[in-house]
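Letter by letter, the chains look like this.
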Amino acid sequence: MDNHGYGNYICSSSNMSCGVKPMRNLSITTILVSALLLTSGCQTTSTATTAPGGPAGVSRASYSPFSDQADHLAELLKAGNFDDANRLVTEQDAFFKTAAPEAQALMAQLAGHFSARLAPELEGALPALKAAPAPRDVTAWRSLRQSVTRANAALASHDAIAVFKYPAFAMAQAAQVRAERDRIRAQFIPAAAEAWLAYPADKPFFEDYPFIVEAEDLMAADPGLLDRKLAGLDAQGLLGFADAHPRDLMGDAAWDRIGQRYVQARMNRGQTGIREMLAVATDAQRYGFKTDAVKDVGVVFSQVTSPTLLKGGHIDFALEVEQDLPFPLDTKGLDDALDSDAKLLIVFNIALAKASRKVRNLKHFDSTYLAGYSREPNPDWEMAKMNMMMAGSGTGQANANMMTFGGFGSIIGAMAASSNYEDAQNRMASTPQFIDIPVYQGYTFDEAQVEAKKVMTVNYYVIDKTRNTFYRSTFDVVENHDFRIAYRLHKNDENSEQHLSTRHSEKDVTDWEEAPATIKLSSLVDHYLANEKRAKPLASVTEVRKQIIQDRNVAVTAYRDKKPDEVMQDDPRFDSVVAIYQGGGGMGSGFYIGPDLVLTNWHVVEGSRFVEMKNKQKRETFGKVLVKDVRLDLAVVQVQDRGKPVRFYDRATLKLGDQAEVIGHPKRYLFSITRGVISAIRDLPSINIPGGGGKDVRYIQTDAPINGGNSGGPLFLDDKVIGVNTWKRIDQGVDGLNFSVHIDEVKTFLRENLPDYEITALRD
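All figures in this text were calculated on a predicted structure; none of them were measured in a lab. (Residues numbered from 1 in each chain as written. Predicted model: local features only at pLDDT ≥ 70, side-chain atom pairs only at ≥ 80, totals over all residues. Heavy atoms only, no water.)

Here's the deal with the overall build of the protein chain
Working step 1: From N to C terminus, the protein chain includes 25 helices and 25 strands.
Working step 2: Long-range pairs, those at least 24 residues apart, make up 71% of the contacts in the protein chain between residues at least 6 apart in sequence.
Working step 3: Accessible surface, the protein chain: about 40,400 Å² in total, of which carbon and sulfur atoms supply 51%. (Helix = DSSP H or I, 4+ residues; strand = E, 2+ residues; numbered from the N terminus. Contact = heavy atoms within 4.5 Å. Areas by Shrake-Rupley, 256 points an atom, 1.4 Å probe, with all protein chains shown as cover.)

Focus on the pattern of salt bridges
Working step 1: Considering all chains together, one arrives at 29 salt bridges under this definition.
Working step 2: Two residues, Asp 182 and Arg 181, come together in a salt bridge whose shortest N-O distance is 3.2 Å.
Working step 3: By relative accessible area, Arg 181 is classed as buried at 12%.
Working step 4: Two residues, Arg 484 and Glu 447, come together in a salt bridge whose shortest N-O distance is 2.7 Å. Within this pair, whereas Arg 484 is found in strand β11 (residues 469-487), its partner Glu 447 is found in strand β10 (residues 434-464), the two being separated by 37 residues in sequence.
Working step 5: Looking at Arg 484, the relative accessible area reads 34%, which means it is partly exposed.
Working step 6: Owing to a relative accessible area of 1%, Glu 447 belongs among the buried residues under this scheme.
Working step 7: One salt-bridge network, in which partners are shared between bridges, spans Asp 571, Arg 573, Glu 661 and Arg 675. (Salt bridge = Lys/Arg side-chain N within 4 Å of Asp/Glu carboxyl O. Buried < 20%, exposed > 50% of the residue type's maximum accessible area, 1.4 Å probe, protein only.)

Let's talk about the environment of Leu 126
Working step 1: Mapped onto the fold, Leu 126 is located in helix α5 (residues 101-130).
Working step 2: Under the relative-accessibility criterion, Leu 126 is labelled buried at 11%.
Working step 3: For the pair Leu 126 and Ala 174, spaced 48 residues apart in sequence, the C-alpha to C-alpha distance is 9.3 Å.
Working step 4: Excluding anything up to four places from it in sequence, Leu 126 contacts Gln 176, Val 177 and Glu 180.

What to know about the packing of aromatic side chains
Working step 1: Applying the stated criterion across every chain yields a total of 28 aromatic pairs.
Working step 2: Consider the rings of Phe 610 and Phe 622, whose centres lie 6.4 Å apart with planes at 55°: the pair is tilted. You can see Phe 610 sitting in strand β17 (residues 610-614) and its partner Phe 622 sitting in strand β18 (residues 620-629), a full 12 residues away along the chain.
Working step 3: Given a relative accessible area of 13%, Phe 610 falls into the buried group.
Working step 4: Among the aromatic residues, those joined into a ring-pair cluster are Trp 141, Phe 188, Trp 196, Tyr 199, Phe 205, Phe 206, Tyr 209, Phe 211 and Phe 241.
Working step 5: The aromatic ring of Phe 365 is capped on one face by Arg 503, whose charged end is 4.7 Å from the ring centroid. (Phe/Tyr/Trp six-rings, centres within 6.5 Å; stacked < 30°, edge-to-face > 60°. Lys NZ or Arg CZ within 6 Å of the ring centre and 35° of its normal.)

What about the confidence of the model for the protein chain?
Working step 1: With 84% of its residues at a pLDDT of at least 70, the protein chain reaches an overall mean of 82.
Working step 2: In the model, residues 1-55 has pLDDT below 50 throughout and makes 60 contacts with residues more than four positions away in sequence or in other chains.
Working step 3: Every residue in residues 564-568 is under pLDDT 50, and counting partners more than four places away or in other chains gives two contacts. (pLDDT = per-residue confidence, 0-100.)

Spelled out as structure tokens, the structure:
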């Protein structure tokens, strides 16, 4: 606003302050008149405030002693604008809280208006509350809930009126309604849990109960409440309960428990077959129960592909199962899978998984790449040099004029010329004398049109524990993909991103080739169900293992026949030795001591019940652990495939310095021989339980290298076994200290633990 002058006073109404310049020789009249003029031009203001977060306020930008908030309220009441009057009281709470009697009268007028409007609602809600029934009277719940809802709405309307927040203006009817409602709530809320238990399961209790309670709060306060509520409900009853108690009301954990009970109820009808269980699981999913809640219909997968194929690079890519059925899905080793509670066990044995490429066409494309730079004179530098020379000439002329003519104008001219010269110097200094011009070289890159293919053959086995049957089948997976691959693309080609945007890279093809093939779970189950009648009775898991091993050997034979001939080492002792595969990818050794008995270390088989093996002819088999001794670190496995037994050393003594030979698979180098001399015979604490386990173990010490993979293999003296390779010292700076369990310990172990078995190696 403009400044206004009244006589000898200056008032700035823009900042609401008045400045006074005192003048001498003023009359009293002049001072009084001037003071009145000053008062009219300069007012004390109060800035309005609005309710935080609310809509645009109705308060004015400012109020004065001549027009304050009370005046504004009077205007709104006179105009009949009561809602805005209520908003004004809300926004100007600080003013009305300490209002003068005149303002109090206006507030009373406002309260009277709203009291007349709300009194019927409050008075109408009161009788029903006073006549409220006890919590056990289920038939009156709905009408009471309506009464409580009506009372809450009336109280909410009352509490929304700002003037009622001041005790002097609050409605007595509101206090009565609030007291009655709280009295009833104090009866109903504690009784909610028991009331829910008594209420019909298929009725929406939490909608019908007179007061709002949360299901999750009730169950948190009493963890066993839901189980008591669901007790005795059959499958149909559980569905009725679920309809009346949706997931968003019950919470995920409770909903899962309802789903589990539904599945159990369906199973208890005697529906135990895979076909029936599939229907149960599908229905459970359709009703909205989570898949992982259907735990009784689990499927377990096990992968038993031959280690020979995996290690030989015959398997280019893996297999994944897409979970598209409402079954919990798990993956386990074969032993764990057979021991699991799953109703359906599917075992995969990949016989073939090869990726191949065919290049159908090769096109050539011209492009350019940045080969380097050529250095050329910079025209801008030449121009800057010329400007500097001209500026220098001008400076010389200006200085000459100053010396000749003198005067202020000549001095100014000389100074300007000097400044121009400095600017020209700076421009020349910042301008490069030479510039680098990029040089591009033409070249040609290739685009190969590649047809890639992935072929997989899988033997799969289904063990149906619900019917105690075993089913074997084979399926093929074939995937094709076309690629346009850019080859010989120069790294400095500035358009390389554009070239690659419409083409693939070699990595794209490799990633596709190595990506797992996918088969849907539904297709496997459908195939099994379609051929369910062809399933055979499951006599024992041993029969399953035999079939798996037989199929694996067929695949290995096919693989070996395609490989170049190997140079077979002509050592007949190899026919008695096997490779033993440990869990987690480890490997140990063992050797036949009877037609179907293999001796190895305890630490090779450790906690396993079954172990897989492979002989020198690469035939795979498996065996069951019969006996083991942790102290001696010895174990015997009964094997399905028969083998050639070794012969034990039968003399009383061993001669130090004689040459002994270790046969095994050090660091997975299969069927290796290492040699050394017999260094000593020593009685030492057990390697597995040092300081315990009874007396010392007798070992043969040699300097024949024993490494990981040799454990459990034979130590030969000529063609007789004199020990079982077990451990070596690996201290820093130590070499050639290797130990095998002495043949005497081995014989005692076998005679004590396997008296009824044919142990060919013990024959003299």
